[in-house]
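Structural characterization, general
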Amino acid sequence: MKGSGARTLPEQDIDRQAALQAYGLLGDQEGITVPPVSGSSPADSARTAAARTALDNLVDLAAKLCHVPFSVVNVITADEQRQIAASGVEPGICSREDSMCARVFLTRETTVVSDASEDPRFANNPFVTGEIARVRFYASVPLETDSGLVLGSLCVFSEAPANPEPEQIAMLELLAQQAVELLELQHRTLQLNVALDEVRRSNAKLGEFAGRVSHDLRIPLTTILGYVELSEDDPDMLPEHPAAEYLQLIGASGRRMLAMLEDVLDYSKVGGALHPRPVSLRGAAADAARDLGIPFGAGAMLDSDDAQLHADPLQLRALLQNLLSNSLNYRSPDRPLEIRISAVSNYHGTAVLMADNGKGIRPEDRERALEPLVRLHREGDGQGSGLGLATCRRIAQAHGGDLTLTETPGGGTTVVLTFPAAP
């Protein structure tokens, strides 16, 4: 609520002002305000609206609990009081010198006044004298965080004197704690949004850097490989010549390096701007199989259930191609390769299971195999950069899902992908 009397701003309010800014409580809008963060999701906005609704419900409960018509949650800034939730009145802003709560909230104690007109702290306040209002009963509980920061107050008031029971004040203090928890939750959400925004900017810079480096390295590398091929095709270069073996080694090393550059570039690009839309799982699997030359359909090497996924079509296709390439590269020498893709959907989203009957991955190696640049170095394994599964996991996580590994019954690896439902 609001009261009178100009007072010198404590030095600690300099720190309080910075803290209130960090909590997102110094915006121009009424109610809980969060500075916009680029890329904030609809879920973030929904959480903000939910916190605002919860505070509105809380002040309604506080008023009913104390049997008074008015209740507000105030935030006290360096020069004003902001009502971020209110019951019985419209949320408003007043100067700090007119704030009743500003006179008492830094005591960190609950204030209960049965008749403010008889209390020397508030008797001359314009909200008591009738200049603005005629407040009589007034009770205020400071909103103090675990770190000791006092954000403002939860207060209830009426235009008639009142003497609440101690149990009512105790419940009011519990509601004040709930208000602090809501504001703390909003604070953590804001911190998370800022951190995610920084990660997005870092990823964008990483993508740009990787693109430039990849381009700068590919040009001389492809030139070297071109000269190697010309030399190998030279009729004077006989197979038994020692230089022919050297050229083969140079060519093989150059092609591995070129493949590594492509993998690094693909990994750095994941998590950029997504363009999700409804996508057929079976259709995407068929496209990936066609790109890799894998037989597809009932009884073929690869078959797939159908399901509707909410995903970026290009990144989903890249994900499936990577996983299918892994199955091809790590097939078992003891049996023909079979790959089956199934899906289970509910209101949360869709789980996609890609099961092969290949070599499989030992339980203790599965989480490590998903890390960037990690190869298991098993006997008989082909060449690779160690970025394939890491890239697939980043694609799944960029969609809000995840990728995990488990064992296929009878031997092999089952990749479990999760995709959230469409918002």
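Note that this is a predicted model, so its numbers are computed, not measured. (Residues numbered from 1 in each chain as written. Predicted model: local features only at pLDDT ≥ 70, side-chain atom pairs only at ≥ 80, totals over all residues. Heavy atoms only, no water.)

**What to know about the overall build of the chain**
The following threshold applies: Counting from the N terminus, the helices are the DSSP runs of H or I reaching at least four residues and the strands are the DSSP runs of E reaching at least two. Note on exposure labels: buried denotes an accessible area under 20% of the residue type's maximum, exposed denotes more than 50%, and partly exposed covers the range between, all computed with a 1.4 Å probe on protein chains only. Contacts: residue pairs with any heavy atoms within 4.5 Å of one another.
Scanning the chain from N- to C-terminus turns up 10 helices and 13 strands. Going through the 423 residues of the chain one by one, you find that 43% of them count as buried. For the chain, long-range pairs separated by at least 24 residues make up 63% of all intrachain contacts whose partners lie at least 6 apart in sequence.

**Describing the nonpolar core**
Heads up, the condition is: Side-chain atoms within 4.5 Å link the members of a nonpolar core, which is a set of buried Ala, Val, Leu, Ile, Met, Phe, Trp, Tyr and Cys residues.
Counting residues in hydrophobic clusters, the biggest one holds 33 residues, and the most contacted among them are Leu323, Leu403 and Leu417. Every element with two or more residues in this core is listed here: helix 7 (281–292), strand 9 (308–311), helix 8 (313–329), strand 10 (339–346), strand 11 (349–356), helix 10 (388–398), strand 12 (402–407) and strand 13 (413–420). Ignoring any residue separated from it by four or fewer positions in sequence, one finds Leu403 in contact with Leu323, Leu370, Cys392, Arg393, Ala396, Val415, Val416 and Leu417. One finds Leu25, Ile84, Ala85 and Leu143 within the second-largest nonpolar core, a separate group that totals 31 residues.

**Let's talk about the sheet that holds strand 8 (residues 302–304)**
Strand pairing within a sheet occurs via backbone hydrogen bonds; the two strands may be parallel or antiparallel. The cut-off we apply is this: At least two bridges found by DSSP between two strands is the condition for calling them paired. Note on geometry: axes are lines fitted to C-alpha atoms, helical ones only across the stretch in contact, with angles between N-to-C directions running from 0 to 180 degrees.
Taken in spatial order, the 5 strands line up as 8-10-11-13-12 in an open sheet, and their pairing is mixed. With one partner strand each, in any of the chains shown, strand 8 and strand 12 form the two edges of the open sheet. When strand polarity is set aside, the average angle formed by the axes of neighbouring strands in this sheet is 15 degrees. Relative to strand 13, strand 12 runs antiparallel, the two being bridged by 6 bridges. Looking at strand 13, one finds that Leu403 is bridged to Leu417. Packing against the sheet, helix 7 makes contact with strand 8, strand 10 and strand 11, and its axis sits at approximately 160 degrees to strand 8.

**Some words on the packing of aromatic side chains**
Operational definition: Each pair of aromatic rings taken from Phe, Tyr and Trp, with Trp reduced to its six-membered ring, is defined by centres within 6.5 Å and is described as stacked if the planes are under 30 degrees apart, edge-to-face if over 60, and tilted in the remaining cases.
The final tally for this structure, using the stated rule, is 2 aromatic pairs. Arranged with centres 5.2 Å apart and planes meeting at 25 degrees, the rings of Phe70 and Phe157 form a pair that is stacked. Remark: Phe157 occurs in strand 6 (residues 150–157) and Phe70 occurs in strand 1 (residues 70–76); sequence separation between them is 87 residues. A residue is classified by how much of its surface remains accessible, and Phe70, at 18% relative accessible area, is buried.

**Let's talk about the side chain of Ser327**
By the secondary structure assignment, Ser327 is in helix 8. By relative accessible area, Ser327 is classed as buried at 4%. Setting aside residues no more than four positions away along its own chain, Ser327 makes contact with Leu337, Ile339 and Asp356.

**Observations concerning helix 8**
Rules: In this scheme, a helix's expected span is set at 1.5 Å multiplied by one less than its residue total.
The end-to-end C-alpha distance of helix 8, which contains 17 residues, comes to 24 Å, matching closely the 24 Å that a straight helix rising 1.5 Å per residue would cover. Those residues of helix 8 not exposed but buried are Gln315, Leu316, Leu319, Leu320, Leu323, Leu324, Asn326 and Ser327.

**Notes on the sheet that holds strand 3 (residues 93–95)**
Read from one edge to the other, the open sheet built from 6 strands follows the order 3-2-1-6-5-4, with strand pairing classed as antiparallel. Two strands lie at the open edges of the sheet, namely strand 3 and strand 4 (111–113), each paired on one side alone. Each adjacent strand pair in this sheet contributes to an overall mean axis angle of 20 degrees, direction not counted. Judged from the 7 bridges that link them, strand 5 (residues 138–144) and strand 6 form a sheet pairing that is antiparallel. Bridge pairing links Ala139 to Val156 in strand 6.

**Re the packing of helix 7 against helix 8**
Put simply, the test is: These descriptions rest on fixed angle ranges, namely under 35 degrees for roughly parallel, over 145 for roughly antiparallel, 65 to 115 for roughly perpendicular, and the rest for oblique. By convention the crossing between two helices is left-handed if the near helix lies anticlockwise of the far one by an angle smaller than a right angle, and right-handed if it lies clockwise. Charged residues are taken to be Asp, Glu, Lys and Arg, nonpolar residues to be Ala, Val, Leu, Ile, Met, Phe, Trp, Tyr, Cys and Pro, and polar residues to be all remaining types, Gly included.
Two elements in contact, helix 7 and helix 8, have axes whose closest approach is 9 Å; the angle formed by their N-to-C orientations is 55 degrees. For the element pair helix 7 / helix 8, the angle class is oblique. You can see that helix 7 and helix 8 cross each other, and the crossing is right-handed. Facing helix 7, whose interface residues are Ala284, Ala285, Asp287, Ala288, Ala289, Asp291 and Leu292, helix 8 presents Leu316, Arg317, Leu320, Gln321, Leu324 and Ser325. In terms of residue class, the contact of helix 7 with helix 8 is made up of 8 nonpolar, 2 polar and 3 charged.

**A look at a nonpolar patch on the surface**
To keep it simple, the criterion reads: Put simply, a patch holds well-exposed residues, over 30% relative accessible area, that have no salt bridge, with like charges counted together within 9 Å and Val, Leu, Ile, Met, Phe, Trp or Tyr side chains within 5 Å. The protein chains shown are the only cover counted for residues, whose accessible areas, like all others here, come from Shrake-Rupley with a 1.4 Å probe. A pairing counts as a salt bridge when a side-chain nitrogen of Lys or Arg comes within 4 Å of a carboxyl oxygen of Asp or Glu.
The grouping of Ile224, Tyr246, Leu249 and Ile250 at the surface amounts to a nonpolar patch, some 410 Å² of accessible area in total. Take the nonpolar patch: its biggest share by element is 3 residues, from helix 6 (residues 242–269). Of note, Ile250 is situated in helix 6.

**Digging into the pairing of strand 6**
Most of strand 6 is tucked away: 8 of the 8 residues are buried. Relative to strand 6, strand 1 runs antiparallel, the two sharing 6 bridges. Within strand 6, the position partnered with Ser71 by the bridge is Val156. In this antiparallel pair of consecutive strands, strand 5 and strand 6, the connection spans 5 residues, and Gly148 shows a positive phi of 95 degrees.

**Notes on a negative patch on the surface**
For clarity, the cut-off: Here the positive residues are Lys and Arg and the negative ones are Asp and Glu; neither His nor the chain ends is included. Every charge is mapped to an atom, namely NZ of Lys, CZ of Arg, CG of Asp or CD of Glu.
On the surface, Glu229, Glu232, Asp233, Asp234 and Asp236 cluster together into a negatively charged patch. Relative to the helices and strands, Asp236 resides in the loop between helix 5 (166–233) and helix 6. The class for Asp236 is exposed, based on a relative accessible area of 65%.

**Some points on the state of the cysteines**
This is how the line gets drawn: Cysteine sulfur atoms that come within 2.5 Å of each other are treated as a disulfide pair.
Inspection of the entire model under this criterion finds 0 disulfides. This cysteine, Cys155, is not joined by any disulfide, and Cys101 carries the nearest cysteine sulfur, 4.0 Å off. According to the relative accessible area criterion, Cys155 is buried, its value standing at 0%.

**Structural notes on the confidence of the model for the chain**
Note the threshold: Residue-level confidence of the predictor, termed pLDDT, takes values from 0 up to 100.
With 83% of its residues at a pLDDT of 70 or more, the chain shows a mean pLDDT of 82. Taken element by element, the predicted model of the chain shows its lowest mean pLDDT in helix 6 (72) and its highest in strand 4 (96). Counting interchain partners and residues more than four positions distant, the pLDDT-below-50 stretch residues 2–9 has 29 contacts. In the model, residues 28–40 has pLDDT below 50 throughout and makes 30 contacts with residues more than four positions away in sequence or in other chains.

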